[in-house]
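# Observations on the three-dimensional arrangement
For reference, the chains in residue letters:
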Amino acid sequence: MLNIKEKINIKDILLALFYLIVCMGFNYFVVVRNLDDVNKIWSCGGMARGLKIYKDINILSTPFTYIIGMMAAKIYNSLVVIRILTGIIWLIIFYLVHKILGKYEVKKYVIVSINIISIIVSYSLNSLYYNYNIVIFMMLLAILHIIVNKPFTYLNAVKIGIILGLIIWSKHIMAVFIITAVVGVIFYFNDDKKLIKKLLTIAVAMVVTSLAFIGYILYQGVWNEFRDLCFNGIGSFVGEAKDLFIGSITLAFLLFILIIVNILYKVYLEYRKENDIKKAILANKDIIIIILFTFSTFAFFIPRVDGEHFIMTIIMLLIFVAINLKDNILLGIFNIVLVVLLTVYSVSTIYALWNDNIVASKIEKYKYLPIEKEQEDLILETKKIIEKSDKKVYILDKCAVLFNVPSNNYTGYYDYLWEGNTGAKPPIEYVKELKNKDVYILIRSEYKETNQWDENINKYVENNFKKKENLGFWTMYEN
């Protein structure tokens, strides 16, 4: 991928078109079932319709990612638009990986294979959707690109400061790790006499960016709700996911040990030549920078490790391996074989989607995207129930957002009444408040235990509300 000032040839144009097709294609073929995926059209689409973040929409992270999503939803309030936005972000990630690995003279076919492996693995891990992790990772790569390809000028210090500020306001917990890695790299590997002033420039840019977001939250009048969800809510969310949290920390520790052993071995070999520890470290400057940035991606494991939270570390590890083994022919062979195998897997998986059970959705908010026919029928059936009801309908279910979005049946925190997603106040307390409202409540006729959903909610409804009628999948209750 080339700078616009450089000569553009037909190969670069074809590569860009190939990447565009890959990014948009994989994002299109994600089946509408992941609640975190649907959440984005619920939250960003709701904001586009005038609902207030944190007050009407319970979100546990700082708002930058959702503001970008809201801008996309204003163009057209559909999940297709959010998918296109996701494709654009992946396209930028591909470009940045090209620029970073190009600096280290990694062969182009290896770079292409790393990009393809990354998006295929993300698709396979069910993590290919718009979320703050992938947005933050894009910004992390942008900072790495500036550091390895650009001189450390005041202008670049401002750019890094603004990006770090945007990371803070995408997910504040992750920002601590990333800021530590970035400042550590700049401080240790720059002998600029004006280094302190430039670090202060970064800090000022971060503060100014943060003040802009604080102003936005105050303007929205949701400061108390923001504080409750983004700070009080994190504790309860981690508590709910404590087993995954412990697993994620363990995995991060093991990866950290493996990477540290690798770099210590490289420094040791260089030290034997130079007999000077500082020269040995500086000789491995580039790989140490990549390692520190890889370490910063461990922040994505908090509070849990799954496909969404692990894919960024996988990509950084691929970058790390590519730089480490850039002159090794085995790396190229391994990459090509892996790409072929994963491509065959992906094509077969996508082909398998187009069977009698998967259809192109006709539901307005999910239109044209692949969805299970049974799921589509249930959503349409639920939509009819909501539209025919003479009272407000509250769906008390972990999948409520999936059914409420097509009906524009926004019910505030009740749409996402998950444990850990309601701040300091537990979900069951919100359900108790419905005793004072003239509403209908839908719960599953046959409840199945699932994580992050309090089964006491279903029991409370059954014991404290009057059963109105059985509607098949749903049972309706009222006061």
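Residues numbered from 1 in each chain as written. Predicted model: local features only at pLDDT ≥ 70, side-chain atom pairs only at ≥ 80, totals over all residues. Heavy atoms only, no water.

## Quick notes on the pattern of salt bridges
Taken as a whole and judged by the stated rule, the model has eleven salt bridges. For Glu372, the salt bridge goes to Arg33, with nearest N and O atoms at 2.8 Å. Highlighted residues: Glu372 in strand β2 (residues 370-372) and Arg33 in the loop between α1 (10-28) and α2 (35-48), separated in sequence by 339 residues. Note on Arg33: relative accessible area 40%, which makes it partly exposed. Here Glu429 ties to Lys432 by a salt bridge, and the two come within 3.5 Å at their closest N and O atoms. You can see Glu429 and its partner Lys432 sitting in helix α18 (residues 427-433), three residues apart, about one turn around the helix. By sharing partners, the salt bridges in this structure join Lys391, Asp438 and Glu478 into a single network. (Salt bridge = Lys/Arg side-chain N within 4 Å of Asp/Glu carboxyl O. Helix = DSSP H or I, 4+ residues; strand = E, 2+ residues; numbered from the N terminus. Buried < 20%, exposed > 50% of the residue type's maximum accessible area, 1.4 Å probe, protein only.)

## Here's the deal with the side chain of Lys198
For Lys198, the position within the fold is in helix α9 (residues 195-220). Side-chain polar atoms of Lys198 contact the backbone oxygen of Phe152, separated by 2.7 Å. (Polar contact = N/O pair within 3.5 Å; in protein donor to acceptor, adjacent residues only side chain to side chain.)

## Focus: the pairing of strand β6 (residues 474-478)
Within β6, five of the five residues are buried, which leaves it mostly tucked inside the rest of the structure. As judged from the five bridges shared by strand β5 (residues 466-471) and β6, these two strands associate in the antiparallel manner. Paired with Lys467 across the two strands is Tyr477, which belongs to β6. Linking β5 back to β6 in an antiparallel pair, the connection comprises two residues, with Gly472 at a positive phi of about 90°. (Pairing = 2+ DSSP bridges.)

Scope: geometric values only; no functional claims are made or implied.
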